[in-house]
Structures are given as C-alpha cells and as structure tokens.
Amino acid sequence: MSNGLRARQASGGDMEKERETLQAWKERVGQELDRVVAFWMEHSHDQEHGGFFTCLSREGRVYDDLKYVWLQGRQVWMYCRLYRTFQRFHHSQLLNAAKAGGEFLLRYARLAPPGKKCAFVLTRDGRPVKVQRTIFSECFYTMAMNELWRATGEVRYQTEAVEMMDQIVHWVREDASGLGRPQLQGAPTAEPMAVPMMLLNLVEQLGEADEELAGKYTELGDWCARRILQHVQRDGQAVLENVSEDGKELSGCLGRQQNPGHALEAGWFLLRHCIRKGDPELRAHVVDKFLLLPFRSGWDPDHGGLFYFQDADDFCPTQLEWAMKLWWPHSEAMIAFLMGYSESGDPVLLRLFYQVAEYTFRQFRDPEYGEWFGYLSREGKVALSIKGGPFKGCFHVPRCLAMCEEMLGALLSRPAPTP
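Values in this document were obtained by computation on a predicted structure and should not be read as measured data.

Asker: Please provide a residue-by-residue account of the overall build of the protein, values included.
Answerer: Across its full length, the protein holds 15 helices and 14 strands. Against the globule reference of 22 Å for 419 residues, the protein gives a C-alpha radius of gyration of 21 Å, in line with a compact fold. Taking all 419 residues of the protein together, 57% fall into the buried category. For the protein, contacts bridging at least 24 residues in sequence account for 66% of all contacts bridging at least 6. Carbon and sulfur atoms make up 51% of the accessible area of the protein, which totals about 17800 Å². Both charge centroids of the protein, one from 49 positive and one from 56 negative side chains, sit 1 Å from each other.

This is the structure in structure tokens:
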C-alpha cells in the first residue's frame, strides 16, 4: 500500500464509509456494463455477412449499414476482452460474434492483400468505400487480432496482429509513403499526439503476458512515451494536441489546439507505462500534467463536463463542436482518475473520479433504451439521439465501465488498515 494511501486513512469510520461508496460505484458500474453490452448484442450483429452495425438510433435501429473498419476492430477487441476477463461474459454467443467480426475483417479490411493498408469504410458485404491516410484502422485491426488470439488460441490471428504491428511501426518511424499521404511544401511537419498514443497502447496490448513481445517492443514503448511527453508545452502549463516533429510548439490554430479528453486518455496510457517501468517519479509528473492540468483547464465551470476542444490562448476554437460534451472524453477521464488514485492513493484523484462519474452517468446514460448518448450541448442536453455512428461504437463506454469495475474491485480487495 502506498504512503499516500496510508496517510489518508484518518479513521476506521471514514474508511468504512469510503469502502461503502466504492462498493456502491462498483455495483453501479457493473450493472451499467451489463446494460451496455446487452444493447450491442441485441442490435449490432450482422447475422448475414458477419461484423457489426454501428450506425444505430436511440432505440437500436440500423439507420445506415456501412461498416467502419476501426469500429469493427474495436468491437471484436471489446467482446474478446470481456470474454477473457469477466466470468459473466465468458459465453459462446459473445465469442462467436467476435470471431464473425474478426473473419469479416480478415476477408475485407485490407485493400489489396498482401498489402497491409486497410479501408476506413466498407459496404455491408465488405466492398471498400473510403480510405484514410492514417494508421488508425490498422491499429484497431491489430488490437482485434491479438485479442482474438488470446480468446481462441488460434495462432493465425496472432500472426496477423504481429505482421500488421510491424507494418505500422515502419510507417510511423521509417517511411510513411505507404499511407498515401502527399508531402506538400506548405504543410507543417506536425506530430499529432494520437500517433504515439496509439502505438503505446499497442505496445501494452501485444506485450501483455508475453515476455518475448514485451521485450521486442520495450524501446518502442519508451520512444512513444517520450513523444507523448513532449506535448507538454509552455513551461508545463499546457498539453498541446499537435507539436512539431522536434517537439516545439507550432504556429496558428493547429499549434494552440487542446483536447482535454485526449490528454486524459494519454494520461492513463502513460500511467500503465509507468507501472511497467516501475517509475514513481514519472508517474507523479503524468498525474500532474496529463490528469490534473487538462481537467483544470477543460472542466466547464458553468455547466459541468469537459469541453471538447480549447485554444491555449483563449481564442474561440475553430471547431464548431468545441463546447459540446462528448461521451468518450468523460469515459477516458473516469479511467484516468480511478487509475491515478489506485496507483498513488491521492484522495484528490478519487474525488475527481466521483465528480466526473456522477456527471457522466447523469447526463449521458439513457435509462430507457440503454447505452449512452454520445453528443450533448454545452448545457448537457442531448444534441444527437443516436447511440452509434462512424465514430461511436462498442468501445469507449464498455471499456471504461469494464476497467472501472476491475479497478474498483481491486481497491475493495485490498486489506483494511489496522487500527
């Protein structure tokens, strides 16, 4: 148990009250996870072609049958992770749906096999519609294949995951020409935080309980962490979404852009990296700069919730949705603060978890039809009633709930302090 946690234990009565609160949240989170998974299992499975519908109305009706590769990969990953780690989800219906989604990806995701570039959008029956010149479809394809291997033991999935990972690393660190993005003279050599974030997440994914791959990717994980950390700019007073390749602030709107939810997500990715490295000094830095700093700047003092975008110089952001409240930043904040508390014992982080979780459950949760609304106005009113679309699928909400249930369970399993 950490020194911070020990120092916080003022009295047996306080600790008992805190355990009751943690237990109540564990039950609340677990019940919500069950409802969310039930929504996707009932409404999203394509029994004819495999894979998943993600464009779902509030009630779960399919309003568009296009299939987004990154959301297909996310749902395969989510189902397999639940199947592996929760006894109540360890059933054939969930695994069979994940396998059907994985086979759909194997057949159709890649544009020109044996090439590795994946489509971004497919028709219902797997014909390519659109491609993006980024690595994110491929990243979630990799996560899906690795989890399928873990859930089924079928080596062909792991072979696919490792080969795709090698290709992604090549694109990022050696030669990006295979992504098809032209190099224009006026374009800044910018690095969005999403790229090293995703790679760090893949390092964690593929290295889990696999000493060989963990060793293979050790240097890559350290490189990713350094690249993320250089997004802390302005003498440590801002986390900027984009910086130059050599870690400097960029000019204009691109350089001033902040995304509080993304910084918080990067924060818990970095926290897991700190846990692997056993680095408490880096952990304290991450808590300060990637948890507390973006929350202080990003929390709406008038209506609650996290702003979607901010400008570091307080200009009005150019994104029309800058003041909206979206589902995924709040999901990431719940994970980040609970993980930070679990590792440090700092009661400030637990209070922030409660603050974000109360807002999130109150504003995003749909008690009538299940799942969460994704898009709220600044005031917290539902702006879009859809439960899924090109960007929202079966991922951020169930991942948040599953991780929080596990962390809350781990906190409750710690021995009570001796009087």
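Now that the structure is up, let's keep going.
Asker: Talk me through the sheet that holds strand E4 (residues 121-122); I want residue IDs and the actual numbers.
Answerer: Here 3 strands make up an open sheet; going across it, the order is E3-E4-E5 and the pairing antiparallel. Among the strands making up the open sheet, the edge pair consists of strand E3 (67-68) and strand E5 (128-130).

Asker: Before we move on, can you summarise the environment of Leu-106 with the specific residues and values?
Answerer: By secondary structure assignment, the location of Leu-106 is in helix H4 (residues 92-108). Since its relative accessible area comes to 23%, Leu-106 is described here as partly exposed.

Asker: Describe the pattern of salt bridges, and please don't skip the residues or the numbers.
Answerer: Here the structure, examined in full by the defined rule, presents 38 salt bridges. A salt bridge links Arg-365 to Glu-32, with the shortest nitrogen-to-oxygen separation between them at 2.6 Å. Separated by 333 residues along the polypeptide, Arg-365 in the loop between helix H14 (347-363) and strand E13 (375-376) and Glu-32 in helix H2 (residues 12-43) bring together distant segments of the chain. Here the residues in one salt-bridge network are Asp-46, Glu-48, Lys-67 and Arg-124, joined through shared partners.

Asker: Give me the packing of aromatic side chains: which residues, what numbers.
Answerer: A full pass over the atoms with the stated rule returns 23 aromatic pairs. On the numbers, 5.7 Å between centres and 80 degrees between planes, the contact of Phe-39 with Trp-40 is edge-to-face. Exposure class is identical for Phe-39 and Trp-40. Each is buried. Look at Phe-140 and Phe-395: their rings are 5.7 Å apart centre to centre, the planes differ by 80 degrees, and that puts the pair in the edge-to-face class. One end of the pair, Phe-140, is in helix H5 (residues 136-152); the other, Phe-395, is in the loop between strand E14 (382-384) and helix H15 (396-413), with 255 residues separating them in the sequence. A relative accessible area of 2% places Phe-395 in the buried class. Taken together, Tyr-68, Trp-70, Trp-77, Phe-120, Phe-140, Phe-391 and Phe-395 form an aromatic cluster joined through their ring pairs. Sitting above the plane of the Phe-373 ring, Lys-387 keeps its charged end 5.1 Å from the centroid.

Asker: Summarise unusual backbone geometry; cite the residues concerned and give the values.
Answerer: A cis geometry characterises the amide bond from Pro-113 onward to Pro-114, with omega recorded as 10 degrees. Its place among the elements puts Pro-114 in the loop between H4 and E4. A positive phi angle is found at Asp-235, which is not glycine, with a value near 55 degrees. Take Asp-235: it is sitting in the loop between strand E7 (232-233) and strand E8 (238-239). Phi at Glu-371 is positive, roughly 60 degrees, even though this residue is not glycine. For Glu-371, the location among the structural elements is in the loop between H14 and E13.

Asker: An account of the sheet that holds strand E12 (residues 325-326) is needed here, citing residue identities and associated values.
Answerer: Taken together, the 3 strands give an open sheet; going across it, the order is E12-E13-E14, and neighbouring strands pair in antiparallel fashion. Edge strands, defined here as strands with exactly one partner in the open sheet, are E12 and E14. Sheet topology note: the E13/E14 ladder contains 2 bridges and is antiparallel. Directly across from Leu-376, in E14, lies its bridge partner Val-382.

Asker: So what's going on with the nonpolar core? Residues and values would help.
Answerer: Judged by nonpolar contacts, the single largest core of 133 residues is most densely connected at Phe-290, Phe-337 and Phe-353. The contacts of Phe-290, once residues within four sequence positions are left out, are Met-193, Ile-228, Leu-229, Val-232, Val-239, Ala-263, Leu-264, Ala-266, Gly-267, Leu-270 and His-285.

Asker: I'd like a description of the packing of helix H13 (residues 327-344) against H14, backed by residues and values.
Answerer: The geometry of H13 relative to H14 is characterised by a closest axis approach of 8 Å and an angle of 155 degrees between their N-to-C directions. As summarised for this structure, H13 and H14 are arranged roughly antiparallel, according to the angle between their axes. Judged by the sense of rotation from one axis to the other, the crossing of H13 with H14 is left-handed. Note on element contacts: H14 touches H13 through Pro-347, Leu-349, Leu-350, Leu-352, Phe-353, Val-356, Ala-357, Tyr-359, Thr-360 and Phe-361, opposite His-330, Ala-333, Met-334, Phe-337, Leu-338, Gly-340, Tyr-341 and Ser-344. For the contact of H13 with H14, a count of residues per class yields 14 nonpolar, 4 polar and no charged.

Asker: Describe the packing of helix H9 (residues 218-229) against helix H11 (residues 260-277), naming the residues involved and giving the relevant values.
Answerer: Relative to each other, H9 and H11 sit at 140 degrees, their axes nearing to 11 Å. Taken together, H9 and H11 sit at an angle that is classed as oblique. Considering the relative orientation of H9 and H11, their crossing is left-handed. In this structure, H9 uses Thr-218, Gly-221, Asp-222, Ala-225, Ile-228 and Leu-229 to contact H11, whose residues at the interface are Ala-266, Leu-270, His-273 and Lys-277. Class assignment of the residues belonging to the contact of H9 with H11 gives a composition of 5 nonpolar, 3 polar and 2 charged.

Asker: Help me get a handle on H5, residues and values and all.
Answerer: Relative to the 24 Å expected for 17 residues at 1.5 Å per residue, H5 spans 24 Å between its end C-alpha atoms, a close match to the ideal helical length. A large share of H5 lies buried, amounting to 15 of its 17 residues. Gly-153 occupies a position one or two residues after H5 and carries a positive phi of about 80 degrees.

Criteria and cut-off values
- Residues numbered from 1 in each chain as written.
- Predicted model: local features only at pLDDT ≥ 70, side-chain atom pairs only at ≥ 80, totals over all residues.
- Heavy atoms only, no water.
- Helix = DSSP H or I, 4+ residues; strand = E, 2+ residues; numbered from the N terminus.
- Rg over C-alpha atoms; globule rule 2.2 N^0.38 Å.
- Buried < 20%, exposed > 50% of the residue type's maximum accessible area, 1.4 Å probe, protein only.
- Contact = heavy atoms within 4.5 Å.
- Areas by Shrake-Rupley, 256 points an atom, 1.4 Å probe, with all protein chains shown as cover.
- Lys, Arg positive; Asp, Glu negative; His and termini not counted.
- Charge placed at Lys NZ, Arg CZ, Asp CG, Glu CD.
- Pairing = 2+ DSSP bridges.
- Salt bridge = Lys/Arg side-chain N within 4 Å of Asp/Glu carboxyl O.
- Phe/Tyr/Trp six-rings, centres within 6.5 Å; stacked < 30°, edge-to-face > 60°.
- Lys NZ or Arg CZ within 6 Å of the ring centre and 35° of its normal.
- Core = buried A, V, L, I, M, F, W, Y, C linked by side-chain atoms within 4.5 Å.
- Axes fitted to C-alpha atoms, helices over the stretch in contact; angles between N-to-C directions.
- Parallel < 35°, antiparallel > 145°, perpendicular 65-115°, else oblique.
- Left-handed = near helix turned anticlockwise from the far one by under 90°.
- Nonpolar A, V, L, I, M, F, W, Y, C, P; charged D, E, K, R; others polar.
- Expected span 1.5 Å × (residues − 1).

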